[in-house]
There are 4 protein chains.
Amino acid sequence: MGGRRLRPQGRRHQGRGREIASRTGRPPQHELPLRRRRQIIEAAYEVFTAQGYEATAISAVAARAGIGQGTVYRYFGSKREILDHVIDFGIEKVMASVQLPELLGTATSVAELTDAVRSAADRVYDLVEREPQLLRLLLVEAGAIDPELAQRLLGLEAITAALVAAELTRGVDAGWIRPDLDTGVLSHAIVMMVGPGLLRQLHGVSDPHERRRTTATLLHLLEKALRLPSVAS
Amino acid sequence: MGGRRLRPQGRRHQGRGREIASRTGRPPQHELPLRRRRQIIEAAYEVFTAQGYEATAISAVAARAGIGQGTVYRYFGSKREILDHVIDFGIEKVMASVQLPELLGTATSVAELTDAVRSAADRVYDLVEREPQLLRLLLVEAGAIDPELAQRLLGLEAITAALVAAELTRGVDAGWIRPDLDTGVLSHAIVMMVGPGLLRQLHGVSDPHERRRTTATLLHLLEKALRLPSVAS
Amino acid sequence: MGGRRLRPQGRRHQGRGREIASRTGRPPQHELPLRRRRQIIEAAYEVFTAQGYEATAISAVAARAGIGQGTVYRYFGSKREILDHVIDFGIEKVMASVQLPELLGTATSVAELTDAVRSAADRVYDLVEREPQLLRLLLVEAGAIDPELAQRLLGLEAITAALVAAELTRGVDAGWIRPDLDTGVLSHAIVMMVGPGLLRQLHGVSDPHERRRTTATLLHLLEKALRLPSVAS
Amino acid sequence: MGGRRLRPQGRRHQGRGREIASRTGRPPQHELPLRRRRQIIEAAYEVFTAQGYEATAISAVAARAGIGQGTVYRYFGSKREILDHVIDFGIEKVMASVQLPELLGTATSVAELTDAVRSAADRVYDLVEREPQLLRLLLVEAGAIDPELAQRLLGLEAITAALVAAELTRGVDAGWIRPDLDTGVLSHAIVMMVGPGLLRQLHGVSDPHERRRTTATLLHLLEKALRLPSVAS
DNA sequence: AATGAATGAGCTTTCATTCAT
DNA sequence: CATGAATGAAAGCTCATTCAT
């Protein structure tokens, strides 16, 4: 009953592991574990982003969380497992910032759609401007440590692209996007539009003006690409 | 007499002092240092790409090169210095594969230009298909370890974009590219066109068909963007 | 609550951060840190004196103390820092053995003063007879490693000489030491009187008879030097 | 013929080893070995005094001597063996500087004897002023590395004291030194008179004025101690 | 449940010594 | 003989993980 020994699973990364506390209806110590885990993840997020994963000692995570080192190991099986969750935490931050679903689904014209894309791009840029290390954590640390973590980022891109593709399809169906387009490819291209800007940000070059120019230019191209062929032809 | 002595920066080697009494003895190997360095760099390239820089011990590099640990330090001052050269080695691989200069400078129409871009993209894809870890090394490891290394990569992108921008300008001047374009932004966008494909490759998804479709679609957009407005409209 | 926490300078321990959630768990051992430090210092004293500082590995200190290497670094930041404390430990041994303050301040004649000096010399000799390596540690190791440590020893000699000088001045003021003496120089000379004996001891020659003869002879000279000129002459 | 393989003696210090090239009457390569050895010893003296024995790599000795590392091992069996000879070299320097035999044997009065002692002391001080590291090498490095080396220094002191003792005895015999003295003890005390000054110098405190005052005071005491009892008594 | 003391494997780096040339 | 390339043992130090309390 209620087995939650996390340790004996061995010492190397084994899948994910959110199997805790999901059997409803037992009030007592049910929430502490989750709160503790959250507490540790947030502390780890802070120190990992500040100094990098490898350079961060568990003791630093524990100190930041205001708990003992041993306690960390009651809630996570290994340092690596914490990184798993920190990456998730970071991805959630991105999702929460961009709020893509809120932006999509309402456009009724190419112009409205490009506006939505612009908004999304702006939000991404705002986020990485506010938390420059987040980008590094997601793009670099995650990928450097483990391919599996990288997969999760790919998943983020894929989901985003899928949402965009749906929007494109909706526009095609509604008749305000020209139909002879490969929406799948295009959706990925749209998502990757932020690539150059992020790459620059990642490497410490932060030039909002340049970024806006890039976004504007690419959106202009996008607009022309999506728009219905002019009536004349 | 005869400037040989190509040994590394040799932080520890202190001068030589007097040059007396060096008439005899095993003559310094002129080529050995370079060959050894190459040998170590290639070994390091293999283990760094396989396990990541941080996770790789110098002993692993030495073992891979078939030499003793101490020997590694005869040719490089530190593990970090080896990474420097490994990154350079990787960049050279990319440059050698893509052979961008050979592709550019000859186009006389938008179609020829897009063909050149397609060729470059294909070569990049071929390379990362052959050496999947190279990408990881350059994009991830380099950035993770040191900002200076990251700058070098950013520089690579910048140089490439500059070459492309020059080509675009040439086309504009020659009259076969429409003049109302931001060639700077566009050149970066063109370079980043390989982004989605590389991202997939980076994460282990290798789908040549998908890739070709992506390339084709984006090049199609590019073509439309560059082409002069048709006289009729 | 209540200021406990006497841990070392703890270069690596980063604050604590928040003090929440520390109600339970194994309470911090108040005495342990001090006992452990003492334990390590004593072990280090033994191995440093036996083999020399440079020739001693931290692992030897740890083994001698019956603890793990890592534990040593919980209590001291570096090998060098341990030497600091070992030297202090040695100096304390000397001070505790000689008990100079107890010998001085009571003499009321040259004879009593020379008796006090003889007692001090005897105690020094007794100590180095009991712990021959102590001398080596203080005179040789300390000076060899770091000028700062050497200063500490020089300070020890200076303090001792100052105490003796005060005693001489007291004798001059009281009229039982002839006034035309350079008490500063003489006090150093008195302290250095043990020099020949220590030098022998340091080099493994231990001849109590010879030593007593030396002490007696030098004290005899001292007595003549200090004594008031006989009224007759 | 003429076996001079120095290597196979093992790898740890084995006695001294000057068994080379002492079979007279063979002109050819007879001198090179000695010159080479001298060359190496002098180079080692320079780097050992400059940086300390432990901190000096054999490669530094070789570089300083302008020869290859391997060559060093053709003339000496180990680093430790080189130190042996460097210490001897240092002792020779001291002996050559002080030229004690030249100072002694001529005094015909206490005043002349104390003058000779003062001269000797001055020469010692001059030497350590000129080569401050020599002192450190002899007193500290030698003692720290190996007790056997320290013995050699003790020998130096013993020889010097013996010379002084002979002089004292001569004075006693000649009737200008009072006969009721322990010449053995006194000779050591005289030699140790330079102790305080050397100790200061060793620790970086160089105060010629203070030193002269000390010497003067002690010599004054010595003079009174040696002088015949005044006629009156 | 929580703690922090303890550990040892493992890291990078140095260097005395050997030996093929 | 002379050389310098090669080596591997060993050093100081770090830190993820365990476990007695």
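Parameters and conventions
Residues numbered from 1 in each chain as written. Chains lettered and ligands numbered in written order. Predicted model: local features only at pLDDT ≥ 70, side-chain atom pairs only at ≥ 80, totals over all residues. Heavy atoms only, no water. Salt bridge = Lys/Arg side-chain N within 4 Å of Asp/Glu carboxyl O. Helix = DSSP H or I, 4+ residues; strand = E, 2+ residues; numbered from the N terminus. Buried < 20%, exposed > 50% of the residue type's maximum accessible area, 1.4 Å probe, protein only. Axes fitted to C-alpha atoms, helices over the stretch in contact; angles between N-to-C directions. Parallel < 35°, antiparallel > 145°, perpendicular 65-115°, else oblique. Contact = heavy atoms within 4.5 Å. Nonpolar A, V, L, I, M, F, W, Y, C, P; charged D, E, K, R; others polar. Domains from an automatic or database assignment. Buried area = accessible area lost by both parts, 1.4 Å probe. Phe/Tyr/Trp six-rings, centres within 6.5 Å; stacked < 30°, edge-to-face > 60°. Lys NZ or Arg CZ within 6 Å of the ring centre and 35° of its normal.

Observations concerning the pattern of salt bridges
Two side chains bearing opposite charge may form a pair once their charged atoms approach each other closely. Under the counting rule described, the total for this entry stands at 58 salt bridges over all chains. One salt bridge connects Asp-180 of chain A with Arg-178 of chain A, and the closest N-O pair in it is separated by 2.8 Å. Close ionic contact of Glu-102 of chain D with Arg-123 of chain D constitutes a salt bridge, the shortest N to O distance being 3.0 Å. Of the two residues, Glu-102 of chain D sits in helix 5 (residues 100–103) while Arg-123 of chain D sits in helix 6 (residues 110–130), which places them 21 residues apart along the sequence. What makes Arg-123 of chain D partly exposed here is its relative accessible area of 26%.

Points about the packing of helix 6 (residues 110–130) of chain C against helix 10 (residues 195–202) of chain C
Residues and elements named next belong to chain C. Here helix 6 crosses helix 10 at 5°, and the two axes come no closer than 11 Å. Between helix 6 and helix 10, the interaxial angle falls into the category roughly parallel. Contacts from Val-124, Tyr-125, Val-128 and Glu-129 of helix 6 reach helix 10 at Gly-197, Leu-198 and Gln-201. Here the contact of helix 6 with helix 10 is composed, by residue class, of 4 nonpolar, 2 polar and 1 charged.

Considerations on the domain arrangement of chain A
Residue and element names in this part refer to chain A. Assigned domains of chain A: these are domain 1 (23–77) and domain 2 (86–226). One C-alpha centre belongs to domain 1, the other to domain 2, and the line joining them spans 31 Å. In total, domain 1 and domain 2 occlude about 920 Å² of area from one another, counting both sides; carbon and sulfur atoms represent 72% of this. Of all residues in domain 1, the largest losses of buried area upon contact with domain 2 belong to Tyr-45, Thr-49 and Tyr-53, amounting jointly to 57% of the total for that side. Counting the contacts that link domain 1 with domain 2 gives 1 salt bridge. Glu-92 serves as the salt-bridge partner of Arg-38, at 3.9 Å between the closest nitrogen and oxygen.

Notes on the packing of aromatic side chains
Geometry of an aromatic ring pair is reported as the spacing of the ring centres plus the angle between the planes. Throughout the structure, instances matching the rule amount to 8 aromatic pairs over all chains. Ring centres of Tyr-45 of chain A and Phe-89 of chain A lie 5.1 Å apart, and the angle between their planes is 70°; this geometry places the pair in the edge-to-face category. A residue pair is termed long-range when its members are at least 10 positions apart, and Tyr-45 of chain A in helix 1 (residues 31–51) and Phe-89 of chain A in helix 4 (residues 79–98) qualify at 44 residues. The same class applies to Tyr-45 of chain A as to Phe-89 of chain A, namely buried. Lying across the ring of Tyr-125 of chain A, Arg-211 of chain A places its NZ or CZ 4.7 Å from the centre. Over the face of the ring belonging to Tyr-53 of chain C we find Lys-79 of chain C, whose NZ or CZ atom lies 4.5 Å from the ring centre.

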